[in-house]
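# Structural overview for review
The chain contents come next:
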Amino acid sequence: MPQYHLEYLNRKTYVTSMETIKDPRTLKFATMSLEWWDKEFGWYTKGCIALCSDENIHLSYIFFKIDKHNEYITVHNIFTQTSMRRNGYAQKLLRMVFAFALGLHVKRFKLTSISNSLDFYLSMGFVYWGVNSVGDYYCDLPMPFDGLDGVAFMIKNTDTPTLIGRKFEKIHTKVLNNDIHLSDLQNIIYKNDLIRMGKSYMLDELLYIKE
């Protein structure tokens, strides 16, 4: 059975790793992630990790941040180059990062998903409270006691107020009325995604609590 390990990447080692990415689409996304991390965090935090094989080949990448109070882990970007997809690398990487966060007693996790990433997150049981100001789907949930593998069980067996916890105002503000301000193209995608998400899209439940 293959053995995987995590490697923290600083800016220099990330740029070196990018040179191994062959397909233009993934390289473009990797470059965008680099530029965004430069702007937002400046690489002062250990928030870029690669999943590595026994041969130390970088299989998948994640950008994340844990706040100074260990309240949230925020997943910003996770990606695998095209030739290495369909091997479960991104899910394995996310599982290991969640386990790391659990070791720090992190209480909640949050992320946003574009339409193209929905199937990946839905397969693990993630749910969304609405769309943010740019039209991405917004997730903010408690950290399950058994990490990533516990997400689906937690959603199934936990009521909405408990999932929201004390973060109602924060979540509500993040998604308030954004669904009615989408562009025509975004609205077409949004309506199709609502069908894909089904009960995993919980805007109505959030608004019901507000009422």
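Located above this text is the structure these notes cover.
These lines cover the structure that appears in this document, whether it is placed above or below. Everything numeric here is computed off the predicted structure, so don't read it as measured data.

## Things to note about the overall build of the protein
- Across its full length, the protein carries nine helices and seven strands.
- For the C-alpha atoms alone, the extent of the protein along its principal axes is close to 55 × 40 × 35 Å.
- In the protein, which comprises 211 residues, the proportion classed as buried is 46%.
- Pairs at least 24 residues apart make up 68% of the contacts formed inside the protein by residues separated by at least 6 positions.
- Across the protein, 25 positive and 23 negative side-chain charges occur, with their mean positions spaced 3 Å apart.

## Looking at the nonpolar core
- Counting 49 residues, the largest nonpolar core has Leu94, Phe126 and Tyr128 as its most contacted members.
- Every residue in contact with leucine 94, bar those within four places of it in the chain, is listed here: Ile62, Val75, Ile78, Phe120, Tyr121, Met124, Phe126 and Leu148.
- In this structure, Met18, Ala30, Tyr61 and Phe79 belong to the second largest nonpolar core, which totals 15 residues.

## Side note on the state of the cysteines
- What the rule picks out here adds up to zero disulfides.
- Sulfur of cysteine 48: no disulfide; nearest cysteine sulfur belongs to cysteine 52 and is 10 Å away.

About the criteria used
Residues numbered from 1 in each chain as written. Predicted model: local features only at pLDDT ≥ 70, side-chain atom pairs only at ≥ 80, totals over all residues. Heavy atoms only, no water. Helix = DSSP H or I, 4+ residues; strand = E, 2+ residues; numbered from the N terminus. Buried < 20%, exposed > 50% of the residue type's maximum accessible area, 1.4 Å probe, protein only. Contact = heavy atoms within 4.5 Å. Lys, Arg positive; Asp, Glu negative; His and termini not counted. Charge placed at Lys NZ, Arg CZ, Asp CG, Glu CD. Core = buried A, V, L, I, M, F, W, Y, C linked by side-chain atoms within 4.5 Å. Disulfide = S-S within 2.5 Å.

None of this, on its own, says anything about what the molecule does.
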